[in-house]
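# Coordinate analysis (summary)
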Amino acid sequence: MLSKILFLILPLPFILSQYSVFDDYNSFLYLSKHLLVIIIFLLIFLKNIVNIKKFILKKFKIMTILMVFITYLFINLSLNSTIQSEYIYYILSIFIMFFVVINLNTLCNLTQFKYIYFSLLFCLFGALFYSLVFDINLYGNWINLTGDNRIRWLFGFNHPGYLASYFLVLSILSFILVSNNILAHRHYIIIFISLIIIILTDTRNSLFTLIIFLLVSTSHNTFRIFKIIGILVTSLFIATILTSSLDILNMYSSNRLGLWTAHFISNYDSFNILFGTGFGNVERMFHSSNTNGKVVQQVASIFHVDNYYFEIFLQFGLVGLLLLLIFIIYLYLQTNQKQSPDQNRVLLGILISIMFYGMFDSALISSGNIVPIVLWSLFFQLLFVNNEILQITPIRKK
């Protein structure tokens with residue numbers, strides 16, 4: 001019963017903290033979402049403390065690889081940075097989040113994810129309805145990194161990217177719960193609605209992440225289409241690099257490529273190829289309305305620049321990036337361990353979606369973002385528990 005209640009309220013602080021109506025309570029909601037994850041962490045630990053040896057051995061390899069990565073982050077922090085409480089919590093939050101998502105199956109089963117789904121469903125559509133009725137922050141002119149204006153729908157939220165990420169999670173939950181016969185097939189309509197909302201927010205990262213998940217997970221034929229598209233995109237990417245300037249790639253990345261390059265150049269003198277700059281030592285560059293859109297610099301304590309891999313590389317060097325990639329590669333190898341090709345594809349779809357999302361967002365591993373919490377939880381739930389043959393029901397046109 002307690003796990004059901006926690007799952008019902010889990011999305012609330014994430015959604016409300018970004019909904020403009022609750023701006024006055026932002027600090028409380030921000031703390032609440034981290035506190036909920038910590039409570040779930042403690043529940044899992046207390047439930048398994050009696051059989052702690054069996055509990056640890058069952059997932060020993062994954063936890064060991066993860067702990068090597070986290071231990072390196074702590075060593076790098078102690079050697080290269082001024083130790084501060086926020087740095088320590090940031091690294092501890094990685095351990096707490098992964099401890100939760102890897103071991104959540106000891107607290108609940110896949111069926112209970114429907115409580116997260118319905119909570120997200122009612123909160124999001126309630127927020128959309130409220131913003132439409134009372135004309136609250138429906139849309140705005142959004143200045144991107146190139147300085148261009150774009151009209152992006154907000155539906156009451158402070159940032160279109162957050163709204164899109166919530167619908168991304170909702171649609172993937174819908175697909176998996178319907179595929180496992182936990183929800184009725186009519187819930188597939190949520191995927192279609194989510195696509196429309198994400199397109200209105202003009203958030204390409206969430207849009208492409210959802211498309212990638214659906215292509216990989218729906219059927220063998222759609223997976224084949226994904227592989228063909230992947231080969232074509234990779235070939236086009238290589239051809240663009242070899243035959244033209246990087247301006248085209250920079251344009252398609254909403255000027256992120258230029259921003260990443262500028263950060264690397266700006267921090268080059270303090271950067272060590274093996275160990276990075278150290279936590280909190282990165283000089284961050286950003287556009288500011290107070291400086292007429294010009295790039296200004298500051299030292300950022302927690303460094304975010306819409307690419308988790310680049311953030312790890314710049315702060316923790318090649319060693320940190322390789323340890324992270326080893327962890328991801330190990331998880332990739334586990335996606336072929338199921339007897340059902342359908343379930344293997346769903347696992348791979350979730351993993352690729354998370355990896356792609358992290359290329360254009362700082363939320364690959366974060367207890368402060370609902371995307372990694374739910375998607376990693378689904379991945380490990382299917383990996384460790386859901387051993388029955390999963391029969392994916394294709395989305396057919398009527």
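Before any of the text, the structure's been laid out above.
Notes on the structure follow. (Residues numbered from 1 in each chain as written. Predicted model: local features only at pLDDT ≥ 70, side-chain atom pairs only at ≥ 80, totals over all residues. Heavy atoms only, no water.)

### Remarks on the overall build of the protein chain
Spelled out, the test is: Each helix is a run of H or I in the DSSP string that is no shorter than four residues. Each strand is a run of E no shorter than two, and both are numbered from the N terminus. Relative accessibility decides the category of a residue: with a 1.4 Å probe and only protein chains considered, values under 20% of the type maximum give buried, values over 50% give exposed, and everything between is partly exposed. The contact rule is simple, with two residues in contact once any of their heavy atoms fall within 4.5 Å. Here the accessible surface of atoms and residues is derived via Shrake-Rupley with a 1.4 Å probe, and residues count as covered only by protein chains that are part of the display.
Broken down by element type, the protein chain carries 16 helices and four strands. Within the protein chain, the fraction of its 398 residues that count as buried is 52%. Expressed as a percentage of contacts within the protein chain between residues at least 6 apart in sequence, the contacts between residues at least 24 apart total 69%. For the protein chain, the exposed surface amounts to about 19300 Å²; the carbon and sulfur share of it is 66%.

### Let's talk about the pattern of salt bridges
Which entries qualify depends on this criterion: The salt bridge criterion pairs a side-chain nitrogen of Lys or Arg with a carboxyl oxygen of Asp or Glu, the two atoms within 4 Å.
Tallied over the entire structure, the rule returns one salt bridge. Two residues, D342 and R345, come together in a salt bridge whose shortest N-O distance is 2.5 Å. With D342 and R345 both in helix α15 (residues 341-359) and three residues apart, this pair spans about one turn of that helix. Here D342 matches R345 in class, with each residue buried.

### Description of the nonpolar core
The condition is simple: Buried Ala, Val, Leu, Ile, Met, Phe, Trp, Tyr and Cys residues that are joined via side-chain atoms within 4.5 Å together make up what is termed a nonpolar core.
F98, F113, I176, I350, W376, L378 and F380 are the most contacted members of the largest nonpolar core, which has 111 residues in total. Here this core gets 14 residues from one element, more than from any other, and that element is helix α14 (residues 308-334). When sequence neighbours within four positions are dropped, the list of residues in contact with I350 reads I176, F213, L375, L378, F379 and L382. One finds V216, F226, L348 and F356 within the second-largest nonpolar core, a separate group that totals seven residues.

### Some details on helix α16 (residues 370-384)
To keep it simple, the criterion reads: To estimate the expected span of a helix, count its residues, drop one, and scale the result by 1.5 Å. For this analysis, a polar contact is any N or O atom pair within 3.5 Å, provided that within protein one partner can donate a hydrogen and the other can accept it, and provided that sequence-adjacent residues contribute only side-chain to side-chain pairs.
Here α16 spans 21 Å end to end across 15 residues, near enough to the 21 Å set by a 1.5 Å rise per residue. Of all 15 residues that make up α16, 14 are buried, and the element is covered over most of its length. For α16, the N-terminal capping position is held by N369, with its side-chain oxygen 2.8 Å away from the main-chain nitrogen of V371.

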